[in-house]
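What the coordinates show
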Amino acid sequence: MLKVSSLNIYYGAVRALNNISIHVKEKEFVSLIGSNGAGKTSLLNGILNIVPPKSGEIVFQNRTITGLPTKKKVKMGISLVPEGRRVFPNMSVHENLEMGGYQKSSKIKNRQMEFVLDLFPILKERNKQLAGMLSGGEQQMLAIGRALMSDPKLLLMDEPSMGLAPLVIKNVYEKLTKLKENGLTIFLVEQNASVALKYADRGYVLENGKIVLQGKSSELKDDNEIKRAYLGKEYKEKWER
Ligand SMILES: Nc1ncnc2c1ncn2[C@@H]1O[C@H](COP(=O)(O)OP(=O)(O)OP(=O)(O)O)[C@@H](O)[C@H]1O
Ligand SMILES: [Mg+2]
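Residues numbered from 1 in each chain as written. Chains lettered and ligands numbered in written order. Predicted model: local features only at pLDDT ≥ 70, side-chain atom pairs only at ≥ 80, totals over all residues. Heavy atoms only, no water.

An unreviewed UniProt entry annotates the chain as Phosphonate-transporting ATPase of Flexistipes sinusarabici. The UniProt entry for the chain carries the following comment under Sequence similarities (unreviewed entry): "Belongs to the ABC transporter superfamily." (UniProt positions renumbered as here; feature names shortened; annotations may be inferred.)

Below is the structure:
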């Protein structure tokens, strides 16, 4: 569904991504893990042309979309849940969701609204409240809901677990699993390797702008280097009990 080949991104003279190649198949849930500054956000922004890549190719559903404007890519079915959630704090939950579907017909917007409120009943309860008043977990649900309003085929997510308590993270990831079962394709980036690999089918490891490892999540979880660098003892405590 998505194929990124030899992508390079620079900020001035700084090379943030170095010949990145990744792919995501239809209905797959793929995670890319990497520590602070590895280039995770740059990759997602590059895919959507929020940051234009210097070179490389991006193919989505057999169409080359490399330099297309972000808006067009969203219209084609790619949606991003940005780093730090970034809901509009002074708008209501309902208005935030409306914003996510602004490019769509009212028929699709209504259908997606129903789907989102069904998936996240808490957003139904809080429909009239200001988004800024929600808890971190609720804001993450809202950010996902807003991204779903454009009826995407591919959902990109930037560190959905960031700043959330373990139980809330579990809740968010279970919703993602449900979306996958519903036919959505998911590509997310995370520092939190344990949770990212627990739920994904496949994973990549990004270090200093380069892919250094890739494979099935089950294999990556057992990789000694990954255990040492990303999982640590915390992993056993949280996820293997
Ligand atoms: N707008 C920018 N201008 C200059 N350098 C940037 C810019 N954005 C990112 N960088 C640099 O590019 C590299 C990759 O940054 P990026 O934000 O993609 O990493 P990340 O993996 O998302 O990190 P984090 O875990 O902190 O979100 C870093 O060295 C960063 O300092
Ligand atoms: Mg980032």
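It is worth spelling out the sheet that holds strand S1 (residues 2-11) at this point. The strand order S2-S1-S4-S5 describes an open sheet built from 4 strands, whose pairing is antiparallel. The open sheet terminates on both sides in strands that have one partner only, identified here as strand S2 (14-24) and strand S5 (63-64). Across 2 bridges, strand S4 (residues 55-60) lies against S5 in antiparallel orientation. In the sheet register, Phe60 faces S5, and the bridge partner there is Arg63. (Pairing = 2+ DSSP bridges. Helix = DSSP H or I, 4+ residues; strand = E, 2+ residues; numbered from the N terminus.)

Through backbone hydrogen bonds, the strands of a sheet pair up, either in parallel or in antiparallel fashion. Across the sheet, 6 strands lie side by side as S6-S7-S8-S3-S9-S10; this open sheet has mixed pairing. At either margin of the open sheet sits one strand with a lone partner, and together these are strand S6 (78-81) and strand S10 (210-216). For this sheet the average axis-to-axis angle between neighbouring strands, irrespective of direction, equals 15 degrees. Here strand S3 (residues 29-33) pairs with strand S9 (residues 202-207) via 4 bridges, running parallel. From the neighbouring strand, Ser31 faces S9, where its bridge partner is Gly203. (Axes fitted to C-alpha atoms, helices over the stretch in contact; angles between N-to-C directions.)

This paragraph deals with helix H1 (residues 40-47). Of all 8 residues in H1, 7 are buried; the element is thus mostly enclosed. Looking only at H1, the buried set comprises Lys40, Ser42, Leu43, Leu44, Asn45, Gly46 and Ile47. (Buried < 20%, exposed > 50% of the residue type's maximum accessible area, 1.4 Å probe, protein only.)

Despite not being glycine, Ser6 shows a phi value in the positive range, around 45 degrees. On the secondary structure map, Ser6 appears in strand S1. Given the relative accessible area of 35%, Ser6 is considered partly exposed. One non-glycine residue, Glu159, lies in positive phi territory at about 50 degrees. Following the sequence through the fold, Glu159 ends up in the loop between strand S7 (154-158) and helix H7 (166-181). Of the residues examined, Glu159 reaches a relative accessible area of 5% and is grouped as buried.

Counting across every chain of the model gives 2 aromatic pairs. Between Phe29 and Tyr173 the ring centres are 6.5 Å apart and the planes differ by 10 degrees, which places this aromatic pair in the stacked class. Here Phe29, found in strand S3, pairs with Tyr173, found in helix H7; they are 144 residues apart in sequence, far enough to count as distant. For the pair Tyr173 and Tyr199, a centre-to-centre distance of 5.1 Å together with 35 degrees between the ring planes defines the contact as tilted. Placement of Tyr173 in helix H7 and of Tyr199 in helix H8 (residues 193-199) is noted, with a sequence separation of 26 residues between them. (Phe/Tyr/Trp six-rings, centres within 6.5 Å; stacked < 30°, edge-to-face > 60°.)

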